[in-house]
Amino acid sequence: FHIQGANTKILLDNEYIPNKNDIAEVWAISSESRNCDAPEAVARVERAVKTFTDNFSFEYYYKKIDSTLRGHIALETLTVLNLLNYDAAIIFPAFPQEGRITIGGYHLLKGVPIGRTEIAMDPHSPIVESHVPTLLKSQLDEKQAELIGTLDLKTVMNGAGPILIKINELIKNGKKLIVADAASITDIEQIALAIKKCDKKLLPTGTAAGAQVMGKIWLA
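These numbers were taken from a predicted model, which means no experiment stands behind them. (Residues numbered from 1 in each chain as written. Predicted model: local features only at pLDDT ≥ 70, side-chain atom pairs only at ≥ 80, totals over all residues. Heavy atoms only, no water.)

Colleague: Teacher, can you tell me more about the layout of surface pockets here?
Modeller: Unoccupied space between atoms shows up once a probe the size of one water molecule is rolled over them. For the largest pocket, the calculated volume is near 1400 Å³. Looking at the lining of the largest pocket, the elements with two or more residues in it are strand E1 (8-11), strand E2 (26-29), helix H1 (38-55), strand E3 (63-64), helix H2 (73-84) and helix H8 (208-218). Taken together, the residues of the lining of the largest pocket sort by class into 25 nonpolar, eleven polar and nine charged. Estimated volume of the second largest pocket: approximately 230 Å³. Of the residues that constitute the lining of the second largest pocket, the class distribution is nine nonpolar, no polar and four charged. (1 Å grid on protein atoms, 1.4 Å probe; cavity = no way out; pocket = protein on both sides within 12 Å on 5 of 7 lines; lining within 4 Å. Points joined across faces, edges and corners; volume = space filled by probe spheres on them. Helix = DSSP H or I, 4+ residues; strand = E, 2+ residues; numbered from the N terminus. Nonpolar A, V, L, I, M, F, W, Y, C, P; charged D, E, K, R; others polar.)

Colleague: What am I meant to see in unusual backbone geometry here?
Modeller: Notably, Glu32 is not glycine yet its phi reads approximately 50°, a positive angle. Inspection of the secondary structure puts Glu32 in the loop between E2 and H1. At Leu69, a residue that is not glycine, the phi angle is positive and equals roughly 70°. Within the fold, Leu69 resides in the loop between E3 and H2.

Colleague: How do you make sense of H8 when you look at a structure like this?
Modeller: Within an α-helix, residues lying three or four positions from one another point in the same direction, as the helix has 3.6 residues per turn. When you tally the buried positions in H8, you get eight out of eleven residues, the bulk of the element. For H8, the secondary structure elements touched by its buried residues are strand E4 (88-92), helix H7 (185-197) and strand E10 (202-206). Sitting at the head of H8, Thr207 places a side-chain oxygen 3.2 Å from the backbone nitrogen of Ala209. (Buried < 20%, exposed > 50% of the residue type's maximum accessible area, 1.4 Å probe, protein only. Contact = heavy atoms within 4.5 Å. Polar contact = N/O pair within 3.5 Å; in protein donor to acceptor, adjacent residues only side chain to side chain.)

Colleague: How should I be thinking about the pattern of salt bridges in this particular structure?
Modeller: Close approach of charged atoms lets side chains of opposite charge pair. The final tally for this structure, using the stated rule, is eight salt bridges. We note a salt bridge from Arg34 to Asp66, for which the minimum N-O separation is 3.6 Å. Of the two residues, Arg34 is situated in the loop between E2 and H1 and Asp66 in the loop between E3 and H2; the sequence distance between them amounts to 32 residues. Note on Arg34: relative accessible area 34%, which makes it partly exposed. Classification of Asp66 by relative accessible area gives buried; the value is 9%. A salt bridge links Glu169 to Lys166; its shortest N-O distance comes to 3.3 Å. (Salt bridge = Lys/Arg side-chain N within 4 Å of Asp/Glu carboxyl O.)

Colleague: Please clarify how the packing of aromatic side chains should be interpreted in this entry.
Modeller: How two aromatic rings sit relative to each other is given by the distance of their centres and the angle of their planes. Following the criterion strictly, the structure yields eight aromatic pairs and no others. Judged by centre distance (6.5 Å) and plane angle (75°), the rings of Phe1 and Tyr62 are edge-to-face. One end of the pair, Phe1, is in the segment before E1; the other, Tyr62, is in the loop between H1 and E3, with 61 residues separating them in the sequence. Take Phe1: its relative accessible area is 25%, and that puts it in the partly exposed class. Note on Trp27 and Phe56: the rings are 5.1 Å apart at their centroids and 40° apart in plane angle, and the pair reads as tilted. Here the residue Trp27 occupies a position in strand E2, and Phe56 occupies one in the loop between H1 and E3, the gap between them amounting to 29 residues. Side by side, Trp27 and Phe56 carry an identical accessibility label, which is buried. (Phe/Tyr/Trp six-rings, centres within 6.5 Å; stacked < 30°, edge-to-face > 60°.)

Colleague: Could you clarify how one ought to interpret the packing of H1 against H2 in this entry?
Modeller: Two packed helices can be described by the angle between their axes and the distance between those axes. Relative to each other, H1 and H2 sit at 35°, their axes nearing to 9 Å. Two packed elements cross with a definite hand, and for H1 against H2 that hand is right-handed. Within the contact between the two elements, H1 uses Ala38, Ala41, Val42, Val45, Glu46, Val49, Lys50 and Thr53 and H2 uses Leu75, Glu76, Thr79, Val80, Leu83 and Leu84. For the contact of H1 with H2, the per-class residue count stands at nine nonpolar, two polar and three charged. (Axes fitted to C-alpha atoms, helices over the stretch in contact; angles between N-to-C directions. Left-handed = near helix turned anticlockwise from the far one by under 90°.)

Colleague: Before we go on, may I ask you to explain the sheet that holds strand E5 (residues 100-103) in this structure?
Modeller: Within a sheet, each strand pairs with its neighbour through backbone hydrogen bonds, oriented either parallel or antiparallel. The strand order across the open sheet formed by three strands is E5-E6-E7, and the pairing between neighbours is antiparallel. Looking along the sheet, the strands with just one partner apiece sit at the ends: E5 and strand E7 (112-113). In the sheet, strand E6 (residues 106-109) pairs with E7 via two bridges, with the strands oriented antiparallel. Counted as the bridge partner of Leu109 is Val112 from E7. (Pairing = 2+ DSSP bridges.)

Colleague: Help me understand the nonpolar core in this model?
Modeller: Generally speaking, nonpolar side chains in soluble globular proteins are found buried as a group. The biggest cluster of nonpolar side chains holds 35 residues, and the ones touching the most others in it are Leu136, Leu177 and Leu203. Mapped by element, the contributors of at least two residues to this core are E2, H1, H2, E4, helix H3 (132-137) and strand E9 (177-180). Per element, the largest residue contribution to this core is seven residues, and it comes from H2. With near-sequence residues (within four places) excluded, Leu136 lies in contact with Ile73, Ala74, Ile91, Ile148 and Val179. Within the second largest apolar cluster, 30 residues are counted, among which are Ala160, Ile163, Leu170 and Ala211. (Core = buried A, V, L, I, M, F, W, Y, C linked by side-chain atoms within 4.5 Å.)

Structure, rendered in structure tokens:
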């Protein structure tokens, strides 16, 4: 967001209460929750969101996630959705510039399923499941798992219009965590355009690549 020209401030302390008179177009806060257990991760994300909702009135929110899928992505994202009272999150973990793409729900690192890379041996947050919807379901209870939907690459490659139609269809069917394929920055750009055009409250949830694209749209 800073690269896009926005006055941006980053909070490194999850307990810090920002001054309402501080001038910034964009605020970011690190929950440092990647390696926590699930209850602590949810508590930290709750504090982070409430720091903003209690002190500001923002037009947009972006949920940053790790491009190698580490951390409690499903629980954290669902927590943000519930606190903001948003309709759904569009989760796109691809970071094409770093060789990280999602095809058929499978997350690949330079063409290799993420669960077959060195990420599977991470001492704190090993990722052994490469299929993103399956990974997210493993972090939820049975009822919450039903909230997961998918946006396939064929739809994404057809552009923002078909993407928007599919998103609305999924939300109508009760899906709140929608995993989107993306193999290029162009794919992420089309997803972002669909998010902008949608009349539902959507939470973009992705990597630095997604933040760069959303920044171009929001700050235009």
